[in-house]
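Summary of the model geometry
The chain contents come next:
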Amino acid sequence: MEQSPGLENPLNATHDKGCVHPSNSTKKCIIKGEIIIEQSPGESAPGSAASIQLYSCSKIDSNTGKGQLSGIGKLRDGKSNKRYGVKITTYKIKFHVEPTFGVPGAFVIKNQHKHKFYLQSATLRIPGNHVVHFDCNSWIYPIHQTKTGRVFFSNTSYLPNQTPKALVELRNEELNSLRGEGTRERKEWERSYGYDFYNDLGNPAKGPEGIRPVLGGSAKYPYPRRGRTGCPGNNQDHATERKEETVRLDVYVPPDERLSPKKLSALISKAVRAAVQFLLPEIKLLSAKDISSFESLTKLLFEKYNNNFKSFLEFHDLFTSNRKLVEGWFAEMLKTIEPNEQFRKIIQASNGEMEFPLPQIIAENELAWMDDKEFARQMLAGTNPAVIQILKAMYQQRIFILDHHDYLMPFLRRINMKEGVCTYASRTLLFLREDGTLKPVAIELSLPGSRVSRYKEMQRVFLPSRSNQGSEVALWQFAKAHVLVNDSCHHHLISHWLKTHAVIEPFIIATRRQLSAMHPIHRLLNPHFKDTMHINALARSVLIDSGGILEKILATGEISMELSSAFYKDWRFDEQGLPADLLKRNMAIPDSSKPAGVQLLFEDYPYGADGLDIWVAIKKWVTNFCLLFYANNYSVRSDKEIQAWWSEIRNVGHGDLHHKEWWKPMETVADLTEALTTLIWTSSALHAAVNFGQYGYSGYPPNRPTLCRKFIPEEGMLDFVEFLRDPDKYYLQMLPERCVMRLSVALVEVLSQHISDEVYLGQRSSGGWTDNKQIHEMFKQFGEDLQEVEKRILKRNRNPKLKNRQGPAKIAYQLLYPDTSTFGSGVGITGKGIPNSISI
């Protein structure tokens, strides 16, 4: 099979011609090239301290069984410029090779410098007018740390059984070196990919309140695997990794999975600025003598200096106050997180006036969040649009349900044991109007039974009021708030964390361990895995761990991750793709005449309509890509790397579910394309849909509260009198306390940001990621298909008949707008754009 049409089979040509010298010539040939590295502020360039040798793709060294090595080339004549704010240095390099050397298929680089550097790419020009590209994008650590050089393969892709013989041993060696077996603690420079349980969430050193179950490895708490760090066990519980006293930003992930220094710096800066902006009014109540660490700071904020907002007008102060942010004792404490020059610059940058935009939900219509139409519309076009279902065979399929009952009930007693938390399990029924909008018709709120009720569930049903005033209107608004608490918890823990971040990580690890960098499927998936392992590691440090942000702001509190584990028991990879998900929720029916194989049951479902267009474009690209390398089903079955990859995903990465019958064998090209389309959809579009609208909708806490502190009052009870006296005051007291709401706004402000080096769906960070001309043409077509999707989305948003595209809040649905024209510049909160990967 033709492996690289882009080079027009240069291997065959160079096998005969060598370096264009006669075969009996002893004169060396010269291969010239360029090496590009990125430099962070303060980093020195490696220069001649870095050396490279090329491996022949065709000439085998009889002593090693690997490709013949060239002479040593040194980096020289470095010239620097800036690209997107990053210093880029381009070096020239020259190699002497034997006349019969042929085309280089790989190179090994050794760093004799005392510091690491980031190798972006290499380009070689060989006799015969051929160009060989190497897309590297990796950290190169000093040889005194790694003890070995780093190997990179050219951008020509090979299935395992078609690998040139001179590269077979290198291919196997490289894969074996990445399989991080053993339990010792990993060093920063080690490229080690192993699996572990979620045993780093708890902190027994804090006492009973810090204990959390290990997720994964048991029938009680199944969970996807995460990357192994090898951190030592806790003294109190050796099954739990030891936690540091302060927040760690240097948690281990393999070097190639780390955020770039620029992106990490930007992320930390945005987090500091957001946290201080939204929490500073509370922080000013504290004094330095009370604070010894971030833990003591948050404890005081959430326990001692906490109260509720007194009016709805106070919420606007969150966004309109510009102030000098970081000064005095608080600035000094911030510096202790990462006491280096880079972080000091971040603190300095945070001192200044800032503007935070009004969340979209109140930007055009301050009262839209109270509207029943907007409440219902967000189930179709908000941040959690993949939960609502159609009740089959009921009133011509016009009855919808948002069901947060069955999975919550087993946890509700424990949730409500926490002081200041009052949570129901909810079911919301909605009716599909003739104009395509949904009308909420009933909300059922349930609590576990008591001894008095013989442990039968206690249920209350609320109906929308026919008038615009009175106690019924307020009670209905309260009921909606409790529904939104359920939906917010589900969104954070299930739709966002579990179904994108957590389920993808085992696929990343298996890809690194089982698919060579020269495997075409590795090249296809690689941009869709960028930064995800590092983001997940940071999340385990500050978001989902014991005492983390999600435990502080969500009603589910300390059992949040247990709930996520319980949900994972019923997770299915074959339902992770959009068409299968729509069928499961009865939102579509099978239709083989449609490009996606399904037909939506009603047109005005923004997430569903736009999502299917994106799905079709992805699947077309993936199918064409796979058919270039897999001529038939046998070629899939005989691909030993793909088979090992799929087996490891099922039996190790998602090993707690390996016995489930829904796992399909990887036997056909169709099996492979469906799996790959699902992975790319999840990493790009699905994550974008549930992530980048968070500030727009949740940035105004009354629109999506994360917990309630009061149950809904009942007639005959004392709190009902309190409610009748001042319904608004009661409602504000029911919402989370000030610090909880401020922290939740700060969180979604950071999570909704696009960072400067984002690469979007239909884009690659460089044009040399593959040497295959046919693939370049296919990828160009993929980009053009996405541009057509953009046009359809804009047309739908302009269609007045599609009322769910805007709604009372006048928020055009753009969360699945690819934004293909943006590259490295679509920063901030844009509410649109589909990054290639889960990188925030």
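Refer to the structure printed above.
Every value quoted in this text rests on a predicted model; they were computed, and no experiment measured them. (Residues numbered from 1 in each chain as written. Predicted model: local features only at pLDDT ≥ 70, side-chain atom pairs only at ≥ 80, totals over all residues. Heavy atoms only, no water.)

Per the secondary structure count, the protein chain includes 26 helices and 19 strands. The buried share among the 840 residues of the protein chain stands at 59%. Across the protein chain, the fraction of contacts at a sequence separation of at least 24, relative to all contacts at a separation of at least 6, is 74%. Accessible surface for the protein chain amounts to roughly 34,500 Å². Of this, 51% is attributable to carbon and sulfur atoms. (Helix = DSSP H or I, 4+ residues; strand = E, 2+ residues; numbered from the N terminus. Buried < 20%, exposed > 50% of the residue type's maximum accessible area, 1.4 Å probe, protein only. Contact = heavy atoms within 4.5 Å. Areas by Shrake-Rupley, 256 points an atom, 1.4 Å probe, with all protein chains shown as cover.)

The subject of this paragraph is the packing of aromatic side chains. Inspection of every chain in the model, using the stated rule, returns 40 aromatic pairs. Between Phe-309 and Phe-315, the aromatic rings sit 4.5 Å apart at their centres with planes inclined by 35°, giving tilted as the arrangement. Consider the rings of Trp-646 and Trp-663, whose centres lie 5.7 Å apart with planes at 75°: the pair is edge-to-face. A residue pair is termed long-range when its members are at least 10 positions apart, and Trp-646 in helix H20 (residues 640–653) and Trp-663 in the loop between H20 and helix H21 (669–691) qualify at 17 residues. Connected via pairs of aromatic rings, a cluster forms that spans Tyr-198, Tyr-223, Phe-507, Tyr-568, Trp-571, Phe-573, Trp-645, Trp-646, Trp-662 and Trp-663. In this structure, Lys-116 is placed above the aromatic ring of Trp-139, and the distance from its NZ or CZ to the ring centre is 5.1 Å. The residue whose ring lies beneath Arg-764 is Trp-769, and the NZ or CZ to ring-centre distance is 4.4 Å. (Phe/Tyr/Trp six-rings, centres within 6.5 Å; stacked < 30°, edge-to-face > 60°. Lys NZ or Arg CZ within 6 Å of the ring centre and 35° of its normal.)

The next thing to look at is the nonpolar core. Burial of nonpolar side chains together is a common tendency in soluble globular proteins. Core analysis: the biggest nonpolar cluster contains 178 residues, and Ile-388, Ile-521, Trp-621, Tyr-630 and Trp-645 have the highest contact counts within it. Looking at this core, the element that brings in the most residues is helix H12 (residues 471–514), giving 21 residues. Leaving out residues up to four positions away in the same chain, Trp-621 has contacts with Leu-524, Arg-764, Trp-769, Ile-775, Met-778, Phe-779 and Phe-782. Core analysis: the second largest hydrophobic core is formed by 26 residues, Ile-35, Leu-54, Ile-93 and Phe-107 among them. (Core = buried A, V, L, I, M, F, W, Y, C linked by side-chain atoms within 4.5 Å.)

This brings us to unusual backbone geometry. Non-glycine residue Asn-137 carries a positive phi angle of around 50°. Residue placement: Asn-137 occurs in strand E9 (residues 130–140). With a phi angle near 60°, Asn-586 is a residue other than glycine that sits in the positive phi range. Relative to the helices and strands, Asn-586 is located in the loop between helix H17 (578–584) and strand E18 (588–590). Here Asn-586 falls in the buried class, since its relative accessible area comes to 18%.

For the rest of this paragraph, the subject is the side chain of Asp-610. Relative to the elements of secondary structure, Asp-610 occurs in helix H18 (residues 606–629). A relative accessible area of 0% places Asp-610 in the buried class. With residues near it in sequence (within four places) discarded, Asp-610 still touches Ile-793, Arg-796, Arg-805, Tyr-813 and Leu-816.

Of note, Gly-449 is situated in the loop between strand E16 (438–447) and strand E17 (458–462). Not counting residues within four places of it along the chain, the set of residues in contact with Gly-449 comprises Arg-413, Tyr-455, Lys-456, Glu-457 and Met-458.

Moving on: the packing of H12 against helix H14 (residues 532–542). Taken N-terminus to C-terminus, the directions of H12 and H14 make an angle of 125°; their axes are 10 Å apart at the nearest point. If you check the angle between H12 and H14, you find them oblique. In this structure, the crossing between H12 and H14 has a hand that is left-handed. Along its contact with H12, which presents Trp-497, His-501, Ala-502, Ile-504, Glu-505, Ile-508 and Ile-509, the element H14 presents Thr-532, Met-533, Ile-535, Asn-536, Ala-539 and Arg-540. When grouped by side-chain class, the residues that make up the contact of H12 with H14 number eight nonpolar, three polar and two charged. (Axes fitted to C-alpha atoms, helices over the stretch in contact; angles between N-to-C directions. Parallel < 35°, antiparallel > 145°, perpendicular 65-115°, else oblique. Left-handed = near helix turned anticlockwise from the far one by under 90°. Nonpolar A, V, L, I, M, F, W, Y, C, P; charged D, E, K, R; others polar.)

The next subject is the pairing of E9. The side chains of a regular strand alternate, first on one face of the sheet and then on the other. Here strand E8 (residues 117–126) runs beside E9; their pairing, made up of nine bridges, is antiparallel. Along E9, the bridge assignment pairs Ser-121 with Asp-135. (Pairing = 2+ DSSP bridges.)

For the rest of this paragraph, the subject is a positive patch on the surface. Together, Lys-32, Lys-79, Lys-92 and Lys-94 make up a region of like positive charge exposed at the surface. Overall, the relative accessible area of 43% leaves Lys-92 in the partly exposed class. (Patch = residues over 30% accessible without salt bridge, like charges linked within 9 Å, V, L, I, M, F, W, Y side chains within 5 Å. Salt bridge = Lys/Arg side-chain N within 4 Å of Asp/Glu carboxyl O. Lys, Arg positive; Asp, Glu negative; His and termini not counted. Charge placed at Lys NZ, Arg CZ, Asp CG, Glu CD.)

Here we take up the sheet that holds strand E14 (residues 399–404). To summarise the sheet geometry, strands pair through backbone hydrogen bonds and adopt either a parallel or an antiparallel arrangement. Reading across from one edge, E13-E14-E15-E16-E17 is the order of the five strands in this open sheet, with antiparallel pairing throughout. Every interior strand has two partners, whereas the edge strands, strand E13 (389–390) and E17, have only one. In the sheet, E13 pairs with E14 via two bridges, with the strands oriented antiparallel. By the bridge assignment, Gln-389 is partnered in E14 with Ile-401. The sheet contacts of helix H10 (residues 372–381) involve E14, strand E15 (425–432) and E16, and relative to E16 the element is tilted by about 80°.

Take the sheet that holds strand E6 (residues 86–97) next. One open sheet accounts for five strands, arranged E5-E6-E1-E8-E9; its pairing is antiparallel. Either end of the sheet is taken by a strand with one partner, and the two such strands are strand E5 (76–83) and E9. Taking the axes of each pair of neighbouring strands and ignoring which way they run, one obtains an average angle of 20° across the sheet.

It is worth spelling out the environment of Gln-39 at this point. Counting through the fold element by element, Gln-39 comes out in strand E1 (residues 29–39). On the accessibility criterion, Gln-39 (8% relative accessible area) is buried. The spatial distance from the C-alpha of Gln-39 to the C-alpha of Ile-88 is 6.3 Å, given a sequence separation of 49 residues. Not counting residues up to four positions away in its chain, the partners in contact with Gln-39 are Ser-44, Ala-45, Ser-80, Val-86, Lys-87 and Thr-89.

Turning our eyes to something else, we now look at the packing of H18 against helix H26 (residues 773–798). Look at H18 against H26: their axes get within 10 Å of each other, and the N-to-C directions meet at 170°. When the axis of H18 is compared with that of H26, the two are roughly antiparallel. Along the contact surface, H18 presents Ala-609, Asp-610, Asp-613, Ile-614, Ala-617, Ile-618, Lys-620, Trp-621, Asn-624, Phe-625, Leu-628 and Phe-629, while H26 presents Gln-774, Ile-775, Met-778, Phe-779, Gln-781, Phe-782, Asp-785, Leu-786, Val-789, Arg-792, Ile-793 and Arg-796. A class-by-class count of the residues in the contact of H18 with H26 yields 15 nonpolar, three polar and six charged.

What helix H3 (residues 165–178) keeps buried is the set Ala-166, Leu-167, Leu-170, Arg-171, Glu-174, Leu-175 and Leu-178. All buried residues of H3 lie within an arc of 130° about the axis, which places them on one face of the element. Lining the buried residues of H3 we find strand E2 (50–60), strand E3 (67–69), strand E7 (104–111), strand E10 (150–153), H12 and H20. (Arc of directions from axis to C-beta.)

Glancing now at the side chain of Glu-241. Structurally, Glu-241 is set in the loop between strand E12 (226–227) and helix H4 (261–283). Of the polar contacts made by the side chain of Glu-241, one reaches the side chain of Arg-226; its length is 2.9 Å. Engagement of the side chain of Glu-241 in a polar contact is seen with the side chain of Thr-229, the distance being 2.9 Å. The residues contacting Glu-241, other than those within four sequence positions of it, are Asp-196, Asn-199, Asp-200, Gly-202, Arg-226, Thr-229, Gly-230, Cys-231, Pro-232, Gly-233 and Asn-234. (Polar contact = N/O pair within 3.5 Å; in protein donor to acceptor, adjacent residues only side chain to side chain.)

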